[in-house]
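Residues per chain are reported as follows:
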Amino acid sequence: MLKETMICIIIVIAIIFGNNVTQSYTKESVSELSSELMTLRGELTQDNVENEKLRKQAETIYQQWEKRHDKLAYFIEHDELEKVETEFIALKSYIETEDYEESISELDKSVFILKHIEDKYAFNLQNVF
């Protein structure tokens, strides 16, 4: 009886530890990407827009996403990650075609989806039940 109890306690501790690690990585990723996107949004709303600078920023953000995507795929639904990827690609294409109003819209959708992923995978009572 004591042996089974100890094994159960170890398993629960491992699950809690694993959840903390994955949740902190998710928060870090969302925070970094969201701040970069908001910086890009500020650039998009300026009067003098340098398209080449915006393209480089969007490409940098996309590269950061690709770097983090592989690790996030271990513990986040692939559908959620595909939504973010789709929004990033649309954002890049709108910037390339210099359609800045649509790119701001796609940027806002990207931030919303990233925040949704962070909230969805947070460890709280609402998500447990």
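Above this text you will find the structure in question.
(A) Inspection of the packing of helix α1 (residues 2-44) against helix α2 (residues 51-72) at higher detail. Here α1 crosses α2 at 170°, and the two axes come no closer than 11 Å. Between α1 and α2, the angle is such that the two are roughly antiparallel. Packed against α1, whose contacting residues are Tyr25, Thr26, Glu28, Ser29, Glu32, Leu33, Glu36, Leu37, Thr39, Leu40, Glu43 and Leu44, the element α2 presents Lys53, Leu54, Gln57, Ala58, Ile61, Gln64, Trp65, Arg68, Lys71 and Leu72 at the interface. When grouped by side-chain class, the residues that make up the contact of α1 with α2 number 10 nonpolar, 5 polar and 7 charged.

(B) Up close: a nonpolar patch on the surface. On the surface, a nonpolar cluster with roughly 410 Å² of combined accessible area is contributed by Leu2, Met6, Ile9 and Ile13. In this structure, Met6 sits in helix α1. Since its relative accessible area comes to 44%, Met6 is described here as partly exposed.

Reading guide: rules and limits
Residues numbered from 1 in each chain as written. Predicted model: local features only at pLDDT ≥ 70, side-chain atom pairs only at ≥ 80, totals over all residues. Heavy atoms only, no water. Axes fitted to C-alpha atoms, helices over the stretch in contact; angles between N-to-C directions. Helix = DSSP H or I, 4+ residues; strand = E, 2+ residues; numbered from the N terminus. Parallel < 35°, antiparallel > 145°, perpendicular 65-115°, else oblique. Contact = heavy atoms within 4.5 Å. Nonpolar A, V, L, I, M, F, W, Y, C, P; charged D, E, K, R; others polar. Patch = residues over 30% accessible without salt bridge, like charges linked within 9 Å, V, L, I, M, F, W, Y side chains within 5 Å. Areas by Shrake-Rupley, 256 points an atom, 1.4 Å probe, with all protein chains shown as cover. Salt bridge = Lys/Arg side-chain N within 4 Å of Asp/Glu carboxyl O. Buried < 20%, exposed > 50% of the residue type's maximum accessible area, 1.4 Å probe, protein only.

Function-wise, these values are silent; they only describe arrangement.
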